[in-house]
Every structure is written in structure tokens, then in C-alpha cells.
Amino acid sequence: MVNNSDKSENIENSRDVSRDFLESILETVREPLLVLDTKLNFIDGNSKLFDVFHVTNKEAFISEFEVEEGIFKDLRTILENALPLQKPVEDSVFSVIHPVYGFKSFKLNTRKLKGSDYILVSISLHEDGDDHLDFDEIFSQAPAMICILRGPEHVFERANENYFQIVGHRDILGKTVKEALPEIEGQGFYEMLDEVYNTGKAFIGNEIPVKIDAGGKELKNAFLDFVYQPILERSGKVNGIFVHAVDITEKVEVKRKLEESENELRYLIDTVPAIIWITGPDGQNQYLNKNWYIFTGQTVESSKDFGWLDAIHPDDRPKVEQNFMNTNSERKDFHDSFRLKNKQGEYRWVLDSGSPKYNSEGQYEGMIGTVVDVNEEKVKEQLLKDKEHRIRSIIEEANVATALYTGKKMKIEMANAAMINLWGKDRSVIGTILHEALPELEGQPFHDLLQEVYTTGKTYWGKEDPVDLVIDNKLRTGYFNFTYKALRDEKGEVYGILNMAIDVSEMVRSKEMLRDSESKFRQMADLMPEKVSNVDANGKVIYFNQGWLDYTGLSKLEFEQKGINNFIHPSEKDGFEKTWRYSLQTGNDFEMEVRYLNKKGKYKWHLNRAEAIFDDNGKIQIWICTATEIQKIKEEEKRKEDFLKLVSHELKTPVTSIKGYVQLLLSLLKKKDDMPLSSIPFEKSLERIDQQVVRLTRLISEMLDLSRIEKNKLVLQKETFSINDLVAETIQDINYTNTEYNIKITEEFHCDILADRDRIGQVLINLVTNAIKYSPVNQDIEVVVSKSGKNKVAVSVKDSGIGIDKQNLKKIFKRFYRIDFKNEDTYSGFGIGLYLANEIMKRHNGKIAVESTKGEGSIFTFTLDVALED
Ligand code: ADP
């Protein structure tokens, strides 16, 4: 329409005088005439021409004439073929298929107008040369609604079948429009008709809605395309209106539906959470959905044409623009990723993809695509890239053996020198599959572990795990602390495993050695009769040896539960705990004697010692504690104490006694003038004094002997003498002082011995005096000299005294050991006689033994080697 009006304007401008003349000729000729230039452009035509072809005016004719496929197709073809039309075309027949009036044939003649570039084309109806068309025939066939209205009141003159149909077959002919169609009042039609009638200008209505009574119950809502064409008299005055209308209701509805669905689509496109764009064939922006404007803050104006490119980061824009234009001209799929500025001025990474689109005729219409914000992903990807780069450099530079495996097959992606060295391989293993690079791992648990880490994503920590590796062609076992750590991609999926390993073989071996030595130490500690324990810095017992278990008779668990302290004698417990606490606090050595309860329920004295072991910082690491049984020492100490008490008592008694007698004698002697000397009990007193002196002498000599023996200074004066003589002499001596006792000597054997005569005599005296001392009732004592085995002589002293109970039998040969009696005085002694006897025998390679029954008497026997004959 616009184009056509432009053209007609041009035509108007080109008018000149000759054209005025031409026009008047045209209008006077009664047959249709057409003037064209030599390029077949329309110059002019007469009204007959428009009548014949049922076009309303010049514009309508031009638009029809200039379209290649229009109704004048045949006419144009003839003219084009005859170009440059120097020669006239004569009586060429062509036909026109008019959309309304149907098929008609025409004859064509042309003449070039002299002195101009115009061609005059005359057209006449072919069949009969009659220009009058049968309107009724045409009307009835026409698919349009047609009627002719006459006069200013628009009286229906003619109407075709279609017209009658739309007005519900009302009787309209001869009636004015107002009379015939009262329902259209107020819809603007009357006014339009008046306008056309009054102005003589045609009216073209497009998609005009009309409510009309088509004979149904309700008014029909229809849409019409129609033309009100004024019918002119020859004078040019309007005397009627030709109405030509097409019911396009269906088309309009379809269009409306289409619009609706288009709107829906548009709404959909706008609500899609993505940016959608459509570009034209030249790449210019045709459409951008709401999201684009929301995202970029651009306006429709600023994004117009190529304005959308302005939102791209300046660094990315040239590349994107180039890519887009290339892709557009090649009509390929478009993909690009770039930074797009958002409303806040921040650049976000986006992914832009588009596809070419074609219309139903296969013509390229441009592209349609989407823009998706992938900033997070991109940033993550970048981070991942950075991370991987970092990992790579860390791996390369790490002192720790490190390798990276990728994929389920464990491809060695990276391995640093330390790792390659550890494997005993070279750099050629990089890029190969782990199990191919290290076939010796077959049958070891590592492949399974790696697969597990790969599937579960859980890190595996190997601690001192043995690994067999072929190094220098030898299978060697090493120990490693290592990790298998899953590496994840940006989606969080495992794509590889990072392996770091530290060779701890040395440590493991030295630990093993330590364990060995520790177990040796434990064995040793367990074998020790001593009780050993380890206590930590807080005083908690962390180790105790077998000694404790043997002593307490408990199992390990029982002992652990009960605790060492519970075995301490109640009277020492508090003191022990206090002292021990002090040591724990200060780190000072601990030493204390306490009694521990043994498995038989008896307390035994122990010397407890504890010493702290400090670490490099001076902190207590551990306490090493020992408890040594000192029961015997304790007892001996007690005996020694008792002995000393006894000695002082024993020394005092004879001295007091001697002093008493001496004072008595002296006082009597002072009175000698008053009383006869004979009445003074000299003999008795002196005897008593002598006895006490003997006792003192014995005491002192025993003490001396004891100290000699203890200092190992007992010197033996060995000589060969007759044991029988020694026995006889000794008993004789004893008999002097112990007249009331009956000592019998039985000599079954006679021999000499090589020995210290005085010492053997001393032993015999001791045995006999004991026999006397411990036989308060029965005074029969027998001394027997007999042969004992080969080359030995035995001397036994047998009494029928108080005897010794079994438990004391062995102990009596010990220092200071005396059997406790209720009446101390009855059996006074120092408890060293038998000890000395035993020591003397030992030094003579002899033996002393006792047989005794409590209450029946005892037999003490010493045995010595018989002296060898010369
Ligand atoms: P003591 O000077 O006390 O007699 P010994 O060493 O000679 O010292 O004897 C040790 C202990 O052996 C005595 O205290 C006594 O209990 C016991 N004993 C020694 N000989 C006899 C004996 N013949 N009969 C009974 N007990 C004896």
C-alpha cells in the first residue's frame, strides 16, 4: 500500500501538458486503454480500463499489474515478449482470471506513441467485443457478497446470493439500507455509505466487525473486508455504490487465535528462566524476552539492532561479534561464552547458544537462541583449573612422594620425582596405567583400596602398611604411611585419586627392634623375683611384671582392678600414699619400706623404690618402680636389735653379779676383826665370780668370732689330731662345771682329723652346753663318735631335752636366731652359737645338722673329713 502510494505520487509529479492531452483522449475513448512506458511501468489508464477489470482505481490496477503472478500475468508476458515494443502487438489474446468475476479473454493491441517513450495499449473483450458484462451471472458466481445501492438513500438495486445469505434472505431489493438492515444502525455503516456517496471516494474496510441478522436467533458477529466503490454517472456524479464484501470471520478468528497463541508463546518465552533472543537474517535483534532486559538493564531501544552487543564485556565483544556474524552468515549453530554486564554493572559469565531458523518455505529467517548465566560454574571451573594447577605444582615440588591417578583404571596422571624414586621406576611410567607400571602390586591390597576410594570417595589412610616393590630387580618390602584421597570435579564427582606416601621403613624397623627389646625387657622383668612396675606421670600404673602376680596370686586383670596400693599394710598405707604423692609432684626419687599382703594372706616387708624418667623438656615421662622383698633382712635386723639388747643384758648380768660378790667379800673383809675369816664364804663367792667371768669370756669371744666371721677374718690353725681325744678332753672339762649332768661318750670310730683343734672344740662345747641348757629335766646326754660314709667322721650330741619344732629347725643356724620362749631367763643365750658352729663347719668342708622332735630331745651332728694317713 505504502509503496503503491509512493509510486502514484511519482506518477503525479511527472505529469506534463502532453499527458493532460493524453488523459483527455483516454477518457473519451470507450474501450479500455492503458499507457505504459517502454519499461512497462504504468503511466495512465482510462476509467474503462478499470471498469473492465473491476479494479477500483489506478492504484489497485498498478498493484495488480506490477505483481508478476497477478491477474495480468498473461498480459505482461505478451508485452514483455514484444519488448522494446517498437513493433505493434496486434490482436494478441490473453485472459484474466478475476478473483470475483472469473475468467475472461481479451484482445490486445499496442502502438508506440510518436515522439514519446509511451506505448498505448488497447484492450477489448475477445468473444464478442461487447464490453458489457453480465453482472447477475458474475454476481451469482462470485464467492463474495455483492450488491449495488442506488441513490443517496442507498436503495438495494441488486444483490447476489451470498449477500442474500448474510442478510438472512430478507426482501431487501428496492428498500433503503436503513429499512432493509435496521440492526446495523450505530455500527457506522450508514455513515460510511453516506461518506462514499457524498465524496465519490471509495472506502476500503478491513476486518470490520458487523452484527447482522443472518436469520439466526441472535445477530451474527461477522468480520468483513469490503469495498464501497462509488458508481459514477458519465458526468462523474455519484449515483450509486457498488458493495463488495468478503466474510473473513473465520480468518479473523483464526488470526485472533493465532495472536492469542502467539501471546501465550511470548508469555511463555518471557517466563522461561532464561534469556531468549531472536535475530533476523542479517543478525539484527528482532526479539529479546523480558529476562534480557531484567538481566542487562537495557531498554528495547538500547538493545535494538546490534545494541545487544553493547552489554558484552569490551574484552569479549570483538570475538563474540565476529563469531556471531560468521555463524549467522554460515547459518550454523552458535555457541559462545562471554562476560555479560548485568544491571548492577557486574560482569557475569554466560553461555550463549543459538540455532538457525527457517520459515515454512525453507527461507533463512535468522537465529533463535538462549543465554544462560553460568558464572558460578565458570568461577568454579576457574577455581578447579587453578586448583589443578596448584595441585600439579605442589605435586612436582613436594618432598613427599606424591602421585595423581585419574579414571577408574588409575592412569598415572602425575608422579613427582620422590614417588618415582620410591617405586624404583623412571618417568616413563607417567601416563601409563598403575597396575601396568607396577605389576608387583598384583595380589597386594592396593588396587582394591584404590577402587574403593574411587567409588566411595572416602580417604584411605595407610599406617605403616607393608608394600612389596621391585626395586633394582629385587622384590623388597618397605613400610609406608600413605593416603589415597579422592579428587572431585566441579560436579562433585570423583575423577581421580591423590596418593601421598612417606617411607617409614626405617621407623618401622627400629620400632620392631624396640618392640623386641621391650619384650626382652618385659621377659627379664617378669623373670626377676623383684616386683617391677611402670607408672605414668599421673600415677597410673601402666605396667607391672609377673613378680607382682606371683606374689599376690592374682590374674593380670584382677591385679589391675585391685591396684597395687590395696596390698599395702594399713599402718603404712597413708604414709606411703603421702610420700608417693610428693614424689609424683616433685619428681623426686621415692624410697619407702612397706608391707605387702601376699597370696597366703601374710604381710611381707618390701623396699619400694621409684625413679622418674624425664623427657627432653624435663617433664616426667614414666616412673620405674621396684618393690624388693626385705622380709629376711628385716627379720635379721630385728634379731640383731634383739641381740644387742640381749648382749647388753648379758654383759650387765655377770658384771653386776661379779660386782655384787666382790663388794660382799670386801665388806666382810673390812669386818674381819669382828668375825673369823673362815666364816667369810670365799670359795662360794669366787666360784660364782669365776662362773660369771667364764660366761663373760664366752660372750666376748663369741662376739669376736662373729665379727671375725662377718669380716671373713676367721683364720683356721689346722693340725692333725685325734677327734676321740678332743671329745674326751672337752667332755671332761664340761663335767667339772656341770656335775649334775651325766654325759656319756660312745666311741664307735677312732680317727684323726685335719682341723683347727680349738674351733672344733668350741663347736663341741657349744653343742654340749646347748644340750645341757635345753634339757632342764632329763640330764642324760650322749656324745657319739661314729663313721659316716667313706672317710668321714660324725660327732653327735644327743639330749632328751625340750626339742625343737620343725619350723625352727633350719633357722637355728642363722645369726641371732633364737627360739622365743616365754621364760627368757631359763634359756639365756645370744643366738650366735649355732651360727658360729655352722660357719666353722663350712670352713672345714664339714657339715652340721640337727634332728629333733619337740618335747623329746635333739641330736646335733657334725661331720668332718677323716685326716689322710701319711
Ligand atoms: P643360744 O646361745 O641362744 O643357745 P645357739 O645358737 O647356740 O644360741 O642356739 C640357737 C637356738 O637353738 C637356741 O636359742 C635354742 O632355742 C635352740 N637350741 C640349740 N640347741 C638346742 C637343743 N639341744 N635343744 C633344744 N633347743 C636347742
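Residues numbered from 1 in each chain as written. Predicted model: local features only at pLDDT ≥ 70, side-chain atom pairs only at ≥ 80, totals over all residues. Heavy atoms only, no water.

- As annotated in an unreviewed UniProt entry, the protein chain is histidine kinase from Christiangramia echinicola.
- UniProt annotates the protein chain under Catalytic activity (unreviewed entry) with the comment "ATP + protein L-histidine = ADP + protein N-phospho-L-histidine." (UniProt positions renumbered as here; feature names shortened; annotations may be inferred.)

**Structural notes on the sheet that holds strand E10 (residues 238–247)**
Step number 1: Strand order in the open sheet made by the five strands is E7-E6-E10-E9-E8, with antiparallel pairing throughout. Two strands in the sheet have a free side with no partner beyond their single neighbour: strand E7 (155–159) and strand E8 (203–212). Adjacent strand axes in the sheet meet at a mean angle of 30° when their direction is disregarded.
Step number 2: Pairing analysis gives six bridges linking strand E6 (residues 145–150) to E10, with the strands arranged antiparallel. Paired with Met-145 across the strands is Ala-245, a residue of E10.
Step number 3: Across the face of the sheet, helix H9 (residues 189–199) comes into contact with E6, E8, strand E9 (220–232) and E10 while running at roughly 15° to E9.
Step number 4: Set on the sheet, helix H10 (residues 249–271) makes contact with E8, E9 and E10; between it and E9 the angle comes to about 125°. (Pairing = 2+ DSSP bridges. Helix = DSSP H or I, 4+ residues; strand = E, 2+ residues; numbered from the N terminus. Axes fitted to C-alpha atoms, helices over the stretch in contact; angles between N-to-C directions. Contact = heavy atoms within 4.5 Å.)

**Quick word on unusual backbone geometry**
Step number 1: Positive phi, close to 55°, is recorded for Asp-305, a residue that is not glycine.
Step number 2: By relative accessible area, Asp-305 is classed as partly exposed at 33%.
Step number 3: Despite not being glycine, Asn-473 shows a phi value in the positive range, around 65°.
Step number 4: Secondary-structure assignment places Asn-473 in the loop between strand E18 (460–471) and strand E19 (474–488).
Step number 5: Looking at Asn-473, the relative accessible area reads 77%, which means it is exposed. (Buried < 20%, exposed > 50% of the residue type's maximum accessible area, 1.4 Å probe, protein only.)

**A look at the sheet that holds strand E24 (residues 603–614)**
Step number 1: With antiparallel pairing, five strands are arranged side by side in an open sheet as E22-E21-E25-E24-E23. Two strands close off the open sheet at either side, each with one partner strand: strand E22 (541–544) and strand E23 (590–597). On average, each strand axis in the sheet is tilted by 25° relative to the strand beside it, whichever way the strands run.
Step number 2: Bridge count between strand E21 (residues 531–536) and strand E25 (residues 620–629): six bridges; the pairing is antiparallel. For Asn-534, the partnering residue across the bridge sits in E25 and is Ile-624.
Step number 3: Most of the contacts of helix H21 (residues 631–670) go to E24, to which it runs at about 120°, and overall it touches E23, E24 and E25.

**Regarding the confidence of the model for the protein chain**
Note that predicted coordinates carrying low pLDDT should not be read in detail.
Step number 1: When pLDDT is averaged across the protein chain, the result is 84; 93% of the residues are at 70 or more.
Step number 2: Low pLDDT, under 50, characterises residues 1–15; the predicted model gives this stretch ten contacts beyond four residues in sequence or across chains.
Step number 3: With pLDDT under 50 throughout, residues 128–133 is counted as low confidence; its partners more than four residues away or in other chains account for seven contacts. (pLDDT = per-residue confidence, 0-100.)

**A short note on the site of the ligand**
Step number 1: Close to the ligand lie 22 residues; Asn-770, Tyr-774, Asp-799, Arg-818 and Leu-834 are nearest.
Step number 2: Here Tyr-774 contributes a side-chain N or O atom positioned 2.8 Å from an oxygen atom of the ligand.
Step number 3: Between the ligand and Leu-834 there is a distance of 2.7 Å, counted from an oxygen atom to a backbone nitrogen or oxygen.
Step number 4: When the ligand sits alone it has 530 Å² of accessible area, and the protein chains cover 100% of it.
Step number 5: Those elements giving two or more residues to the shell around the ligand turn out to be helix H24 (757–773), helix H25 (833–843) and strand E32 (857–865).
Step number 6: The element best represented in the shell around the ligand is H24, accounting for four residues.
Step number 7: Of the residues in the shell around the ligand, the class split is twelve nonpolar, seven polar and three charged. (Near = heavy atom within 4 Å. Polar contact = N/O pair within 3.5 Å; in protein donor to acceptor, adjacent residues only side chain to side chain. Areas by Shrake-Rupley, 256 points an atom, 1.4 Å probe, with all protein chains shown as cover. Nonpolar A, V, L, I, M, F, W, Y, C, P; charged D, E, K, R; others polar.)

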